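Given next are the chains, with one letter for each unit.
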Amino acid sequence: MKNVKIFLSVALCTAAAAGAFATTASKDAVKSSAATLEPGYIKQGPQCVFKNNCSVEPTLVLCTETQTGGAQIFGMDSNNDCTVELFRQPN
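Caption draft 1: Seen up close, the pattern of salt bridges. Following the criterion strictly, the structure yields 2 salt bridges and no others. With a closest N to O distance of 2.7 Å, Asp81 and Lys43 form a salt bridge. Highlighted residues: Asp81 in the loop between strand E5 (74-76) and strand E6 (82-85) and Lys43 in strand E1 (residues 37-44), separated in sequence by 38 residues. Looking at Lys43, the relative accessible area reads 43%, which means it is partly exposed.

As structure tokens, then:
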């Protein structure tokens, strides 16, 4: 019986430590993904007009005006033209 109590104590401590590390890693991932955001623009006439922040990390979904669609949003290239494909921010 004593061995079972020791085993359960060690298992509980190990699970708690693993949970703490997983939470910290998750928070770090959120911080790093926030650092990759770029302003997104839509071309209106000769100008690029800001619409939304988007991610430069390629995902399966292109960045659009809203989460449900709309016009595609682009980032600025070196010539200050909005032509760089941007992607929807990961949730």
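Caption draft 2: Quick look at the pairing of E1. The pairing of E1 with strand E2 (residues 47-55) spans 8 bridges and is classified as antiparallel. Pairing of Leu37 across the sheet is with Ser55, part of E2. Connecting E1 to the next strand, E2, in antiparallel fashion are 2 residues, including Gly45 with a positive phi near 65 degrees.

Caption draft 3: Layout of the environment of Glu57. Counting through the fold element by element, Glu57 comes out in the loop between E2 and strand E3 (64-66). Linking Glu57 and Thr36, residues 21 residues apart in sequence, is a C-alpha distance of 7.2 Å. The contact partners of Glu57, leaving out residues within four places of it in the chain, are Thr36 and Phe87.

Caption draft 4: Representation of the state of the cysteines in the model. Enumeration according to the criterion identifies 2 disulfides in this entry. Through a disulfide, Cys48 is tied to Cys82; the S-S separation comes to 2.2 Å. Taking the sign of the S-S torsion, about -90 degrees here, the bridge from Cys48 to Cys82 comes out left-handed. Of the two residues, Cys48 is situated in strand E2 and Cys82 in strand E6; the sequence distance between them amounts to 34 residues. Here the two residues Cys48 and Cys82 agree in accessibility, since each one is buried. Across the disulfide, Cys54 is cross-linked to Cys63 (sulfur-sulfur distance 2.0 Å). Looking down the S-S bond of the Cys54 and Cys63 bridge, the torsion is -60 degrees, so its handedness is left-handed. With respect to burial, Cys54 and Cys63 carry one shared label: buried. Sequence-ordered numbering of the bonded cysteines in the chain yields a pairing of 1-4, 2-3.

Rules used throughout
Residues numbered from 1 in each chain as written. Predicted model: local features only at pLDDT ≥ 70, side-chain atom pairs only at ≥ 80, totals over all residues. Heavy atoms only, no water. Salt bridge = Lys/Arg side-chain N within 4 Å of Asp/Glu carboxyl O. Helix = DSSP H or I, 4+ residues; strand = E, 2+ residues; numbered from the N terminus. Buried < 20%, exposed > 50% of the residue type's maximum accessible area, 1.4 Å probe, protein only. Pairing = 2+ DSSP bridges. Contact = heavy atoms within 4.5 Å. Disulfide = S-S within 2.5 Å.

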